[in-house]
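The chain contents come next:
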Amino acid sequence: MVSSERKKDANQAADEKSGNETSGQKTAVIELPAALSVRELSETLKVSPVDIIKRLIRAGIMANINQVIDFKTAAVIAADLGFEARLKRRAAAGKTDRLSEAGKQSAQKADQTTGLLPRPPVVTIMGHVDHGKTKLLDAIRKSNVVDSEAGGITQHIGAYQVDFNGQKITFLDTPGHEAFTAMRARGAQVTDITVLVVAADDGVMPQTLEAIDHARAAGVPIVVAINKIDKPGANPDRVKQQLAEVGLVVEDWGGDTVSVPVSAKEKKGISELLENLMVVAELEDLKADPNKPAEGTVIEAEMDRTRGALFTVLVSSGTLKVGDTIVVGQDWGRVKAMFNDTGKRVKKATPSTPVEVLGLSNVPQVGDVMQVVDDEKAATAIIEKRRQEISKEAEIARTVSLSNVFDQISKGKVKELGIILKTDVQGSIEPIKTSLEKLSSDEIKVRVVHSSTGNVNESDIMLAIASKLVIIGFNTGAEPGAKATAEREGVSLRFYNIIYNMVDDVAKALKGMLTPTFVEVIDGHGEVRAVFTAGKTEKVAGSYITEGKVTRNSSVRVMRGKLKVFQGTISSLRRFKDDVREVTTGFECGIGVDGFNEFQVGDILEFFRNEKSG
Ligand code: GDP
């Protein structure tokens, strides 16, 4: 209902806007200054800046929201929208005029001093499986190939660029939010805009929602491509309604999300999609300085049998040139050769350009940062600095957990507790979400960033790392791989089956009153090979450590076959009469256990400790 009302409102607004023309009334007259920014024009005309930028692009003018345009241009756009523009007389020129002039000057100055120039947007395609991500990437790539090349072009690297009206757009060729968030989890965000592909015959599906949450968590704007409009069952309006229900309201429904109907199969709507991507890019005001040593991010890497280590880097700023000395991750080398997305040798790569680079001896990792430096000395200094940073990072908690969130709030490090909520059934999501978000206070906001049904999976863990979130499951568990990754990366996972307990725990965590939960960590195993007497009655197990280690602080379980005969703490740990703190695999030692004297040869000792978790 909400959405159809919204739609009605939007239609009414549109009618009112265009009413002047359709009802034959006079065109609205509007006064505009000699120069004004796109934003000011949009505010004066009460038309969305997106709409204005689109019309400017069609008129061959690339302008972002802050860009200043002259009266003549503004008048053409205004006329296009049904307004008659008149020049505001100088004497009457008000604040806006002066402001925009001042704005113009300062904007120009800023750009001159920083050397920043517009750069192409980097786009990732996301959406539900089978909705046409790959096909769309293909259609976009082919849309750009000049006829003589058609068929002859094979893409060589994991990203490509297309030309749109003389402007470039870069597409990453690994579609899906999983790859996108995995990059972010490694600390690299290369995407500027997300294209959300939704099949018009299938509508919004679980992975569509996941993709929306992942893009939102990253703060990346979304352009919706409603695909498969060629299919008989296509229903773009239903898609728009479903999107509105999750707060993604498209423009023609009065919202500000750009949506474009396309058919990847029939290559329809592709240039409209590209045009809209340019519009959003203009709004984002993407800039980089091409006149400095390059920086970039590794987006793929491999060992080529004939050529050696190869990696594809997406240049984020500066210009990368053949011969440059580069540091990548913790390795350095010199750019021997570079190849563009069609496999052609190139000598340089400017911001937002993907290139394949030959010049390292080892294969770097995806997500590694590449940096151009002066020489070998500078390279080794940077590598040393990076090593130190990595070890420092390991000391600082990289993740937020329910047990450390209070600490982090107190230190002013955290202002929001972001949660991934997984439940068994859809119906539980809203009530739990509401109860959790109600716990927000002035000091800290509680926000459910992503929610869905099912077990906690790898992509949830990646999102938790990338955006520092905690994961809470209600009546669910974790997939085995996901659990292992969570443990390795220190991501906080908690599971409940009573809502009250969950909300109570989060409330306590926010106040620093949550008692931590403990998980058992097995340190190692030993085998009793002899039993000695020490003192009057005390027995010591002459043991051999078969695996892991035993420490003086370990707890121990004495196992006889499958039977646990005792569990307690270690009272003494000795090697050749000396008290020791730890004994590792392959060594013998004497172990005394508090309150237990009935060791038998062949008993297995399991050493463990309880650790705070989540
Ligand atoms: P992905 O899993 O999102 O990458 O989806 P694919 O690109 O592999 O497409 C899934 C299926 O939908 C394939 O069989 C495509 O041929 C088909 N498909 C993709 N786009 C369109 C379209 O615009 N129209 C029609 N009719 N089929 C499409």
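Fair warning: this is a prediction, and the values are worked out from it, not measured in the lab.

Cut-offs used in this document
- Residues numbered from 1 in each chain as written.
- Predicted model: local features only at pLDDT ≥ 70, side-chain atom pairs only at ≥ 80, totals over all residues.
- Heavy atoms only, no water.
- Near = heavy atom within 4 Å.
- Polar contact = N/O pair within 3.5 Å; in protein donor to acceptor, adjacent residues only side chain to side chain.
- Areas by Shrake-Rupley, 256 points an atom, 1.4 Å probe, with all protein chains shown as cover.
- Nonpolar A, V, L, I, M, F, W, Y, C, P; charged D, E, K, R; others polar.
- Pairing = 2+ DSSP bridges.
- Helix = DSSP H or I, 4+ residues; strand = E, 2+ residues; numbered from the N terminus.
- Axes fitted to C-alpha atoms, helices over the stretch in contact; angles between N-to-C directions.
- Contact = heavy atoms within 4.5 Å.
- Buried < 20%, exposed > 50% of the residue type's maximum accessible area, 1.4 Å probe, protein only.
- Phe/Tyr/Trp six-rings, centres within 6.5 Å; stacked < 30°, edge-to-face > 60°.
- Core = buried A, V, L, I, M, F, W, Y, C linked by side-chain atoms within 4.5 Å.
- Domains from an automatic or database assignment.
- Parallel < 35°, antiparallel > 145°, perpendicular 65-115°, else oblique.
- Left-handed = near helix turned anticlockwise from the far one by under 90°.

1. Things to note about the site of the ligand
Okay, step 1: Taken together, 15 residues form the shell around the ligand, and within it Asp130, Lys133, Thr134, Lys135 and Asp230 come nearest.
Okay, step 2: Measuring from an oxygen atom of the ligand, one finds a backbone N or O atom of His131 at 3.4 Å.
Okay, step 3: Within the backbone of Lys135, a nitrogen or oxygen atom sits 2.8 Å from an oxygen atom of the ligand.
Okay, step 4: For the ligand, whose unbound accessible area comes to 580 Å², protein coverage reaches 74%.
Okay, step 5: Taken together, the residues that form the shell around the ligand break down as 2 nonpolar, 6 polar and 7 charged.

2. A word on the sheet that holds strand 23 (residues 416-423)
Okay, step 1: Reading across from one edge, 24-23-25-26 is the order of the 4 strands in this open sheet, with parallel pairing throughout. Each edge of the open sheet is held by one strand with a lone partner, namely strand 24 (445-453) and strand 26 (493-496). Direction aside, neighbouring strands of the sheet carry axes that sit 25° apart on average.
Okay, step 2: As defined by bridge partners, strand 25 (residues 470-474) adjoins strand 26 across 4 bridges and the pair is classed as parallel. The residue of strand 26 that forms the bridge with Gly473 is Phe495.
Okay, step 3: Sheet contacts for helix 13 (residues 426-437): strand 23, strand 24 and strand 25; angle to strand 24, the most-contacted strand, approximately 170°.

3. Thoughts on the side chain of Thr208
Okay, step 1: Positionally, Thr208 belongs in helix 8 (residues 206-218).
Okay, step 2: Each residue touching Thr208, except ones within four places of it in the same chain, is listed here: His128, His131, Leu196, Val198 and Gly203.

4. Brief notes about the side chain of Ser263
Okay, step 1: Summarising the element assignment, Ser263 is placed in the loop between strand 11 (258-261) and helix 10 (270-284).
Okay, step 2: Its relative accessible area of 0% is what places Ser263 among the buried residues.

5. Overview of the pairing of strand 13 (residues 295-304)
For a regular strand, side-chain orientation follows a simple rule: the groups alternate between the two sheet faces.
Okay, step 1: Looking at chain direction, strand 13 and strand 14 (residues 308-317) are connected through 9 bridges and run antiparallel. Looking at strand 14, one finds that Glu300 is bridged to Thr312.
Okay, step 2: Between strand 13 and strand 14, which follow one another and run antiparallel, lie 3 residues.

6. Some points on the sheet that holds strand 21 (residues 354-358)
Okay, step 1: The strand order across the open sheet formed by 8 strands is 17-16-22-13-14-21-18-19, and the pairing between neighbours is antiparallel. Two strands lie at the open edges of the sheet, namely strand 17 (331-334) and strand 19 (345-346), each paired on one side alone.
Okay, step 2: Pairing geometry for strand 16 (residues 325-328) and strand 17, over 4 bridges, is antiparallel. Looking across to strand 17, one finds that Ile326 is bridged to Gly333.

7. Section: unusual backbone geometry
Okay, step 1: Unusually for a residue other than glycine, Lys46 sits at a positive phi of about 55°.
Okay, step 2: With respect to the helices and strands, Lys46 occurs in the loop between helix 2 (38-45) and helix 3 (49-58).
Okay, step 3: Within the chain, Lys577 stands out as a residue other than glycine whose phi angle is a positive 75°.
Okay, step 4: Its place among the elements puts Lys577 in the loop between strand 30 (563-575) and strand 31 (578-579).

8. Section: the packing of aromatic side chains
For any pair of aromatic rings, the description consists of the separation of the ring centres together with the inter-plane angle of the planes.
Okay, step 1: Summed over the entire model, instances satisfying the criterion amount to 3 aromatic pairs.
Okay, step 2: Between Tyr160 and Phe171, the ring centres sit 5.6 Å apart and the planes meet at 25°, which makes this aromatic pair stacked. Here Phe171 lies in strand 8 (residues 167-172) and Tyr160 lies in strand 7 (residues 159-164), a separation of 11 residues in the sequence. The two residues Tyr160 and Phe171 agree in class, both being buried.
Okay, step 3: The interplanar angle of 20° and the centroid separation of 4.9 Å between the aromatic rings of Phe566 and Phe596 together place this pair among those described as stacked. Taken together, the positions of Phe566 in strand 30 and Phe596 in the loop between strand 33 (588-593) and strand 34 (604-613) put the pair 30 residues apart, joining distant regions of the chain.
Okay, step 4: The buried category is assigned to Phe596, whose relative accessible area is 4%.

9. So, the nonpolar core
Okay, step 1: In this structure, Leu136, Ile140, Phe171 and Leu277 are the most contacted members of the largest nonpolar core, which totals 51 residues.
Okay, step 2: A total of 8 residues in this core trace back to one element, the largest contributor, which is helix 10.
Okay, step 3: Taken domain by domain, this core gets at least three of its residues from each of domain 1 (4-112) and domain 2 (118-287).
Okay, step 4: Dropping the residues within four chain positions of it, Leu136 is found in contact with Ile125, Val195, Val197, Ala225, Val262, Ala264, Ile270 and Leu273.

10. A word on helix 7 (residues 177-185)
Okay, step 1: Counted residue by residue, helix 7 has 7 buried out of 9 residues, so it is predominantly covered.
Okay, step 2: Looking at the packing, one finds that the buried side of helix 7 touches strand 6 (122-127), helix 8, strand 13 and helix 14 (458-467).
Okay, step 3: With its phi angle positive at about 90°, Gly187 sits one or two positions after the end of helix 7.

11. A few points about the packing of helix 2 against helix 3
Two quantities define a packed helix pair, namely the angle between the helix axes and the distance between the axes.
Okay, step 1: It is at 9 Å that the axes of helix 2 and helix 3 come closest, and there the two elements cross at 120°. In terms of orientation, helix 2 and helix 3 fall into the oblique class. Between helix 2 and helix 3 lies a crossing whose hand is right-handed. Residue-level inspection shows Val38, Leu41, Ser42 and Leu45 of helix 2 in contact with helix 3, the latter providing Pro49, Ile52, Ile53 and Leu56.
Okay, step 2: Looking at the contact of helix 2 with helix 3, its residues break down into 7 nonpolar, 1 polar and no charged.

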